[in-house]
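As a plain string of letters, each chain reads:
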Amino acid sequence: MSLQSGLDALKQKRYQEAVELLEQFCRNSVKHDSSDYLSAQMWLMKAYQATGEIEKAKTLCQKLMISENPQARSWAEQASQSFRQTPVTQSNASQKAGRAVATGMKLAMGGVGGSLALASGVTMTLLFGMVLALGLSLVFILGSNNPLQGLAIAIGITLVFNIAAFFLSPFLMDLTQRWLYQTRWVELAEVETLSPETAKVIRQVCQQKKLKAPRLGIINDQNPTAFTYGSLPNSARLIVSQGLFTYLDDDEIATVYAHELGHIVHWDFAVMTVASTLVQICYLIYSTARRFGRGGGDSKIKNAMQTAALAAYVFYLIGTYLLLYLSRTREYFADHFAAESTGNPNGLSRALVKIAYGILEEGSRTQEPSRLIEGTRALGIYDHKAAASTGTAYRITSDTQKVGRVFLWDMFNPWGWWMELNSTHPLTGKRVRALSTYAEQLGLPTEFDMGRVIGEGKTLSKSKLYGNFFLDVMLYGAETIGFLVGLIISVILWSSSPNTGLTFGAPLIGLGIGIVVKALVMFPDYKQAAETDILTLMSDPYASPLRGQPAKLKGQLIGRGDAGYKFGSDLKIQDRSGMLYLHYASRFGPIGNFLFGMKRVQSLIGEQVGAVGWFRRGVAPWMDLIQLQSENGTIVNSYHRFWSFILGSGSIILGVVLIMFLSS
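What counts and how
- Residues numbered from 1 in each chain as written.
- Predicted model: local features only at pLDDT ≥ 70, side-chain atom pairs only at ≥ 80, totals over all residues.
- Heavy atoms only, no water.
- Helix = DSSP H or I, 4+ residues; strand = E, 2+ residues; numbered from the N terminus.
- Buried < 20%, exposed > 50% of the residue type's maximum accessible area, 1.4 Å probe, protein only.
- Contact = heavy atoms within 4.5 Å.
- Pairing = 2+ DSSP bridges.
- Axes fitted to C-alpha atoms, helices over the stretch in contact; angles between N-to-C directions.
- Salt bridge = Lys/Arg side-chain N within 4 Å of Asp/Glu carboxyl O.
- Expected span 1.5 Å × (residues − 1).
- Core = buried A, V, L, I, M, F, W, Y, C linked by side-chain atoms within 4.5 Å.
- Phe/Tyr/Trp six-rings, centres within 6.5 Å; stacked < 30°, edge-to-face > 60°.
- Lys, Arg positive; Asp, Glu negative; His and termini not counted.
- Polar contact = N/O pair within 3.5 Å; in protein donor to acceptor, adjacent residues only side chain to side chain.

Chemist: So what exactly am I meant to see when it comes to the overall build of the protein here?
Modeler: Of regular secondary structure, the protein possesses 30 helices and 11 strands. Counting the 664 residues in the protein, one finds 54% classified as buried. Partitioning the intrachain contacts of the protein with sequence separation of at least 6 by distance along the chain shows that 71% fall at a separation of at least 24.

Below, the structure written as structure tokens:
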């Protein structure tokens, strides 16, 4: 698609067509420092203004203002004046909800997030107790004749390991940041030139809490994110990406910094560092005990080691979920701190939505997913996996009611609660809901009408949401349940009549039946798949990660879906309403996936296609691909259902064969 065709459409006032043509040209451009690419960006900004997409125009203008090309910078600085003359209307920009006149007002959390002290205390106590118990068991097993000496050794090892990790981890993180992301350390004065209110908030919080100003860093990456790490509050590091200043307004940037300062004030990174270390010690003990348990020697010690390995692994799993719970709780309290210290909970609500939008926009402009966003997922203010639905809604509308509707799934779908268990961050809808309650306490109108969302949620079909949820959870783990049932049956039958064939065959048959049953539910008939768009799919409050919804989409393939993997076989499709990941499965299995990613994917990027597949919604939405179609017919077939039935049937057949041959 040529640049001239986009310019012609703009001159002839076919603005929507101009946006599409110029966006496509920018996505297909390889050299982002070329004069054609910069020209396309400039005129795309004008096209956005003409179609009333003011936020997009502002974002593009801010990016051009920091361009390395002096002419582009000068043009953008002059163009930025036009935004002051653009009337703000309901059709071209959302009306910002207000903020409190004064800051520091105490806000009740109303049960949101639980108790920070209780969550920290219970989690740390349980984790420390697990590690200590496992350490003691290993010391005693390895032959300590003196229990008191064994106790001292176990405590000593635990403390030394944790203290070393506590004080050394920030310096190791500094090296990692510099190596992976080229973090640039800056003074507060530079941050003040980018966001005056942010500098004010940093000075205010540090003065009130008697803290030394954190070491400030900026990463030259347009994906908006922010995170903090360190050992002690007075030696904390607070890092943001350049994208934060591109996509957010001044007051919104300040609330993000306040959120990160909340982590510092609450000692979050210190507690999480120690807690993470304790969980890793559990895994270390598990792997060590398992290795000793496989060796020769005294069978008593081997059995004891195997028992210790099993216990350590169970503690590791429990500890992991405790750590995730603690992480989510701390995000709620950091949001609360930001609302109190800035008096602007609505600003943080907007910031979360705009960060999601920024991640989505940057993802649509690059063929490879961002290493920064993937690598800092647990540390960042926002889980990028949850960005697709929120960012998609904000991308096409300034109507906060439409944006808020995508939060229905977060608030009411039981799968949202189930999937959140494995996430370091609360679901976006729940965070925005909490921030809205703070705005109400301050007597402010809310940025997103969560009351309307809650009201609509109460009208949803409870039977459709919860009626089959327990069954669906069972089906979600059907292969594991089938294997365990088969194992239990084989053990019961072995006790009455030893049979080697049943011992090995029954679990495989159970596994195969579980895979087949799950596949029948996951992959329904797609022949009557409805043609729809990405936002409509993401706004469905009943969507499930198990029961696939057959759907047809029309859009452009814009890149790979696998972060940091140049031969990834998954794809990203974009239509006018948003972006969605497509999961591909070759008929030749993993080898076929690799070859497809290596040979075909690059040639498909930029193609206009029709995609048929099963839409699913977890923390991140995606589609299991069935077919990609072009004007000339089917160009790609994907085989998710095929492989499920092959694996299930193969497991059943293998189990039957083992029973027949080993039982004879």
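Having put the structure on the table, let's press on.
Chemist: Please clarify how the sheet that holds strand β4 (residues 237-241) should be interpreted in this entry.
Modeler: Strand order in the open sheet formed by four strands is β1-β2-β4-β3, and the pairing between neighbours is mixed. Looking at strand neighbours, the two that pair on one side only are β1 (184-186) and β3 (226-229), the edges of this open sheet. For this sheet, the mean angle separating the axes of adjacent strands, direction not counted, is 30°. Most of the contacts of helix α12 (residues 250-265) go to β3, to which it runs at about 20°, and overall it touches β2 (215-219), β3 and β4.

Chemist: What exactly am I supposed to notice about the pattern of salt bridges here?
Modeler: Any two side chains of opposite charge can pair, on the condition that their charged atoms come close. If you walk through the whole model with that rule in mind, you get 16 salt bridges. Note that Arg 350 is salt-bridged to Glu 252, the shortest N-O span being 2.8 Å. With Arg 350 in helix α15 (residues 345-365) and Glu 252 in helix α12, this residue pair connects regions lying 98 residues apart in the sequence. There is no split in this pair, since Arg 350 and Glu 252 are both buried.

Chemist: How should helix α21 (residues 428-441) be read in this particular structure?
Modeler: Every α-helix carries 3.6 residues per turn, so stepping three or four residues along brings you back to the same face. An ideal rise of 1.5 Å per residue puts 20 Å on 14 residues; α21 measures up with 20 Å between its terminal C-alpha atoms. Most of α21 sits out of view: 10 of its 14 residues are buried. After α21 finishes, the residue Gly 443 shows a positive phi value of roughly 75°.

Chemist: What exactly am I supposed to notice about the pairing of strand β9 (residues 608-617) here?
Modeler: Every other side chain in a regular strand lies on the same face of the sheet, so the side chains alternate between the two faces. A large share of β9 lies buried, amounting to nine of its 10 residues. Of the strand pairs in this sheet, strand β6 (residues 549-560) and β9 are connected by eight bridges, and their pairing is antiparallel. Its bridge partner lying in β9, Lys 554 is registered against Gly 610. One ladder, built from eight bridges, connects β9 with strand β10 (residues 621-630); its direction is antiparallel. Across the sheet, the residue bridging to Trp 614 is Asp 624, located in β10. Between the end of β9 and the start of β10, which pair antiparallel, lie three residues.

Chemist: What's the story with the environment of Asn 413 in this structure? I'm lost.
Modeler: Relative to the elements of secondary structure, Asn 413 occurs in the loop between α19 (407-412) and α20 (414-420). Between the C-alpha atoms of Asn 413 and Leu 460, which are 47 residues apart in sequence, the distance is 9.8 Å. In this structure, Asn 413 is in contact with Leu 408, Leu 465, Pro 541, Tyr 542 and Ala 543, ignoring residues within four places of it in sequence.

Chemist: Help me understand the nonpolar core in this model?
Modeler: A general tendency of soluble globular proteins is for nonpolar side chains to be buried together. Within the largest apolar cluster, 110 residues are counted, with the highest numbers of intra-cluster contacts made by Leu 244, Tyr 257, Tyr 382, Leu 582 and Leu 628. In terms of residue count, α15 provides more of this core than any other element does, eight residues in total. Not counting the four nearest positions on each side in its chain, Leu 582 is found in contact with Leu 557, Asp 570, Leu 571, Ile 573, Ala 611, Met 623, Leu 625 and Leu 628. Grouped together as the second largest cluster of nonpolar side chains are 25 residues, Val 19, Leu 22, Leu 44 and Ala 79 included.

Chemist: Would you explain helix α10 (residues 196-208) in this entry?
Modeler: If you check α10, its first and last C-alpha atoms are 19 Å apart, about what 13 residues at 1.5 Å a residue would give, namely 18 Å. Residues of α10 that are buried: Glu 197, Thr 198, Ala 199, Val 201, Ile 202, Gln 204, Val 205 and Cys 206. Of the residues one or two after α10, Lys 210 is the one with positive phi, at around 55°.

Chemist: Sorry, what's going on with the packing of aromatic side chains here?
Modeler: Remark: the centre distance and the inter-plane angle together describe each pair of aromatic rings, the angle taken between the planes. Counting across every chain of the model gives 12 aromatic pairs. For the pair Phe 227 and Tyr 229, a centre-to-centre distance of 6.5 Å together with 20° between the ring planes defines the contact as stacked. Taken as a pair, Phe 227 and Tyr 229 share a single burial class, namely buried. Centroid distance Tyr 247 to Tyr 357: 5.8 Å. Interplanar angle 85°. Geometry classified as edge-to-face. Placement of Tyr 247 in helix α11 (residues 242-247) and of Tyr 357 in helix α15 is noted, with a sequence separation of 110 residues between them. Owing to a relative accessible area of 3%, Tyr 357 belongs among the buried residues under this scheme.

Chemist: Hey, could you run me through the side chain of Glu 260 in this one?
Modeler: Looking at the secondary structure, you find Glu 260 in helix α12. Arg 431 provides the closest opposite charge to the buried, salt-bridge-free Glu 260, at an N-O distance of 7.2 Å. Here Thr 228 takes part through its backbone nitrogen, which lies 3.4 Å from a polar atom of the side chain of Glu 260. Excluding its chain neighbours within four sequence positions, the residues that come into contact with Glu 260 are Ala 226, Phe 227, Thr 228, Leu 238 and Ile 381.

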